[in-house]
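# Overview (structure and organization)
Residue strings, one per chain:
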Amino acid sequence: MNELLLIATVAGRRCAFHATSIRSVIELGKITPIPGTADMVLGLAAMRSQTLTVIDCARVVGESLAAQDGEPLPADARAAVVDVDGYTYALAVDSIEDIAETASDVSKVLGGFGEKWAAVAHGMVETSDGPALLLDIDQLISSTTRTDRAA
């Protein structure tokens with residue numbers, strides 16, 4: 001308990017990431033598409049002269065940040081920057097709320113949110129502002145590579 005979480009909204013749902021896994025939070029600027037990648041890989045973006053692979057977290061769980069495929073993200077789109085296996089990713093989310101402290105241990109998701117959500121979630125965690133679905137960053141990233149291999 002009492003762990004810091006970054007609270008964000010993904011596909012309209014209140015979610016959390018372990019704050020210790022987040023390098024920074026950025027506003028996404030221009031994203032350059034990468035042909036032949038999985039649908040949830042939006043492309044490449046730059047952060048202080050570093051290239052980031054941009055992952056649409058909503059697409060990973062079967063939704064999309066953009067209203068239609070191919071439509072650009074909103075101008076104020078935000079992302080959590082993370083490092084996984086030596087690569088840097090920008091996890092595009094609907095919005096970033098704040099940093100919060102856990103008020104409970106992680107518990108099972110009662111009733112479930114669907115197969116794609118279950119694949120990327122540790123479970124539910126209570127915060128002072130209410131419950132949040134705790135997402136697994138490694139699973140979010142590996143979901144994009146599994147899709148690439150299957151295509």
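Structural notes, computed from the coordinates. From a predicted model like this one, the values you see are computed outputs, not experimental measurements.

Conventions and cut-offs
Residues numbered from 1 in each chain as written. Predicted model: local features only at pLDDT ≥ 70, side-chain atom pairs only at ≥ 80, totals over all residues. Heavy atoms only, no water. Buried < 20%, exposed > 50% of the residue type's maximum accessible area, 1.4 Å probe, protein only. Helix = DSSP H or I, 4+ residues; strand = E, 2+ residues; numbered from the N terminus. Pairing = 2+ DSSP bridges. Phe/Tyr/Trp six-rings, centres within 6.5 Å; stacked < 30°, edge-to-face > 60°. Lys NZ or Arg CZ within 6 Å of the ring centre and 35° of its normal. Contact = heavy atoms within 4.5 Å. Polar contact = N/O pair within 3.5 Å; in protein donor to acceptor, adjacent residues only side chain to side chain. Axes fitted to C-alpha atoms, helices over the stretch in contact; angles between N-to-C directions.

Before going further, it helps to examine the pairing of strand 1 (residues 4-10). Counting buried residues along strand 1, 6 of its 7 residues qualify, which places the element largely inside the surrounding structure. Where strand 1 lies against strand 8 (residues 95-101), 6 bridges are found, and the strand directions are antiparallel. Pairing of T9 across the sheet is with S95, part of strand 8. Hairpin remark: strand 1 followed by strand 2 (residues 13-18), antiparallel, with 2 residues in the connecting loop; positive phi at A11, about 50°.

Quick look at the packing of aromatic side chains now. With the rule as written, the count across this model stands at 1 aromatic pair. The side chain of R13 reaches across the aromatic face of W117, ending 4.9 Å from its centre.

This paragraph deals with the environment of T88. Along the polypeptide, T88 turns up in strand 7 (residues 87-93). The exposure class of T88 is buried, given its relative accessible area of 11%. With 38 residues separating them along the chain, T88 and Q50 place their C-alpha atoms 8.5 Å apart. When residues no more than four places from it in sequence are discounted, the contact partners of T88 are R23, Q50, T51, L52, T53, V81, V82 and D83. A polar side-chain atom of T88 sits 3.5 Å from a polar atom in the side chain of R23. A distance of 3.0 Å separates a polar atom in the side chain of T88 from a polar atom in the side chain of Q50.

This paragraph deals with the sheet that holds strand 5 (residues 50-56). As a general point, the strands of a sheet are linked pairwise by backbone hydrogen bonds and lie either parallel or antiparallel. Ordered by their spatial adjacency, 5 strands build an open sheet running 3-6-7-5-4, and the pairing between neighbours is mixed. If you trace the sheet from one side to the other, it starts and ends with strand 3 (24-27) and strand 4 (41-47), each paired once. Neighbour-to-neighbour, the strand axes of this sheet turn through a mean angle of 35°, independent of strand direction. Direction of pairing for strand 5 relative to strand 7: parallel, over a ladder of 4 bridges. The residue of strand 7 that forms the bridge with D56 is A92.

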